[in-house]
Amino acid sequence: MTLHEDEIPVDETLVRSLLKAQRPEWADVPLSPAGAGTDNTMYRLGDDLLVRLPRTADKGQSVRKEQEWLPRLAPLLTSPIPEPVHAGTPTNVFPLVWSVYRWIDGDEAGPATVQDWAAFGADLAAVVRELHGIDLMGATRADGLSWYRGGSLAPCDQWIARCLNDCRTTVGSELDVDSLEQLWRAALALPEPSGPHVWLHGDLKPTNLLVREGKLHAVIDFGGLSVGFPDAEHSTLWDLPPQARQAYWDTLNLDDLTWARARAWAIAVGVSGISYYWHTFPAFVAECRARLRAILIDAAAR
């Protein structure tokens with residue numbers, strides 16, 4: 001499944017060639033597809049390892065961030081996060097950096113795996129509080145740790161306006177895009193965030209939250225790791241049931257301005273996802289549609 005014009009094709013043969021060249025002791029270990037997101041393709045390597053390869057050249061920066069910072073953040077976090085065990089180097093067949101990580105057992109967060117959504121929301125809030133409380137260790141947004149979701153909303157306005165117009169064409173019959181735009185513009189009119197920059201995971205959606213025995217166990221995919229304002233970190237709450245969302249909010253004691261900005265970021269990610277992936281990634285488009293529906297239902301109830 002190709003998602004980007006400049007994507008580098010990856011298959012098992014290519015992965016085997018990389019392993020043979022750089023980690024020959026793993027070259028004959030069983031290899032199987034382990035999913036693919038918008039930024040990376042993954043293969044499980046034996047029982048204990050995961051190979052992660054960026055889809056495009058610009059995603060290689062995310063791999064470097066994980067290799068540099070995850071070993072420094074892991075000892076400061078209670079929940080498990082990915083552990084890089086090999087920093088793959090570019091080759092003629094795959095001209096990008098890539099990684100091998102320890103495999104973390106767990107299931108994606110969802111109705112079939114989470115026992116108590118309120119407890120799950122509170123546990124996720126505790127993870128976020130812990131991450132946001134870690135010292136920046138000298139890191140700044142100028143150190144390759146700048147991502148749009150850690151900044152302010154205004155620079156995204158022109159881009160999101162185009163995406164909203166695209167959504168009127170594609171999903172306008174099922175979603176109230178005008179109301180979504182009103183919520184977006186109301187957030188744009190709010191004061192700029194003024195708090196300190198913090199560490200941000202950047203994409204705490206259910207597919208990046210692993211569950212064991214019904215509870216939150218681990219957080220994966222730190223490709224969006226950045227330093228910035230925390231508002232956008234909360235945007236994936238609308239991917240969770242209302243009881244999880246409320247428990248998260250109560251645990252962190254977040255204010256109405258933060259709620260409005262986080263919701264605007266959720267709208268931005270949702271409409272841009274529909275616009276960009278409409279013809280290529282229907283499963284991701286479905287996630288975005290569900291998120292936008294939840295935003296509209298939640299907004300109508302407030």
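A short tour of the structure in this document, coming up.

The rules behind the values
- Residues numbered from 1 in each chain as written.
- Predicted model: local features only at pLDDT ≥ 70, side-chain atom pairs only at ≥ 80, totals over all residues.
- Heavy atoms only, no water.
- Pairing = 2+ DSSP bridges.
- Helix = DSSP H or I, 4+ residues; strand = E, 2+ residues; numbered from the N terminus.
- Axes fitted to C-alpha atoms, helices over the stretch in contact; angles between N-to-C directions.
- Contact = heavy atoms within 4.5 Å.
- Patch = residues over 30% accessible without salt bridge, like charges linked within 9 Å, V, L, I, M, F, W, Y side chains within 5 Å.
- Areas by Shrake-Rupley, 256 points an atom, 1.4 Å probe, with all protein chains shown as cover.
- Salt bridge = Lys/Arg side-chain N within 4 Å of Asp/Glu carboxyl O.
- Lys, Arg positive; Asp, Glu negative; His and termini not counted.
- Charge placed at Lys NZ, Arg CZ, Asp CG, Glu CD.
- Buried < 20%, exposed > 50% of the residue type's maximum accessible area, 1.4 Å probe, protein only.
- Core = buried A, V, L, I, M, F, W, Y, C linked by side-chain atoms within 4.5 Å.
- Phe/Tyr/Trp six-rings, centres within 6.5 Å; stacked < 30°, edge-to-face > 60°.
- Lys NZ or Arg CZ within 6 Å of the ring centre and 35° of its normal.
- Polar contact = N/O pair within 3.5 Å; in protein donor to acceptor, adjacent residues only side chain to side chain.

Before going further, it helps to spend a moment on the sheet that holds strand β5 (residues 98-102). Spatially, the 5 strands line up as an open sheet ordered β1-β2-β3-β5-β4, and their pairing is antiparallel. Looking at strand neighbours, the two that pair on one side only are β1 (31-36) and β4 (84-88), the edges of this open sheet. When the angles between neighbouring strand axes are averaged without regard to direction, this sheet yields 25 degrees. Along the sheet, helix α1 (residues 12-22) contacts β1, β2 (40-45), β3 (49-54), β4 and β5; its crossing angle with β3, the most-contacted strand, is approximately 110 degrees. Sheet strands in contact with helix α2 (residues 60-73) are β2, β3, β4 and β5, and its direction is about 145 degrees off that of β4.

The grouping of D47, D48, D105, D107 and E108 at the surface amounts to a negative patch. Mapped onto the elements of the fold, D48 is located in the loop between β2 and β3. Residue class for D48 comes out exposed when judged on its relative accessible area of 54%.

The next subject is the nonpolar core. Formed by 67 residues in total, the largest nonpolar core has its most connected members in F120 and W199. Looking at this core element by element, the count peaks at 10 residues for helix α7 (residues 256-277). In this structure F120 touches A109, V114, L209, V211, L216 and L240, once residues within four positions along its chain are discounted. The next biggest cluster of nonpolar side chains, apart from the first, holds 16 residues, and it includes L14, L45, V51 and F94.

Moving on: the packing of aromatic side chains. Throughout the structure, instances matching the rule amount to 11 aromatic pairs. Of the aromatic side chains, those joined through ring pairs into one cluster are W147, Y148, W159 and W265. Positioned over the ring face of W26 is R23, at 4.0 Å from the centre of the ring. Its guanidinium or amino end placed over the ring of W103, R44 lies 4.0 Å from that ring's centre, counting from NZ or CZ.

Let's shift gears to the side chain of R149. In this structure, R149 sits in the loop between α3 (117-132) and α4 (157-170). From its side chain, R149 meets the backbone oxygen of G202 in a polar contact 2.9 Å long. If we skip the residues at most four places from it in the chain, R149 touches G202, D203, F229, A232, W265 and V269.

Glancing now at the sheet that holds strand β8 (residues 209-212). Taken in spatial order, the 3 strands line up as β6-β8-β9 in an open sheet, and their pairing is antiparallel. The open sheet has two free edges, formed respectively by β6 (107-108) and β9 (215-219), since each of these has just one partner strand. Taken together, the 2 bridges between β6 and β8 define a ladder with antiparallel strand orientation. If you follow D107 over to β8, its bridge partner there is V211. Strands β8 and β9 of the sheet are contacted by α3, whose axis makes an angle of about 30 degrees with β9.

Remember that the coordinates give geometry; whether it matters functionally is a separate question.
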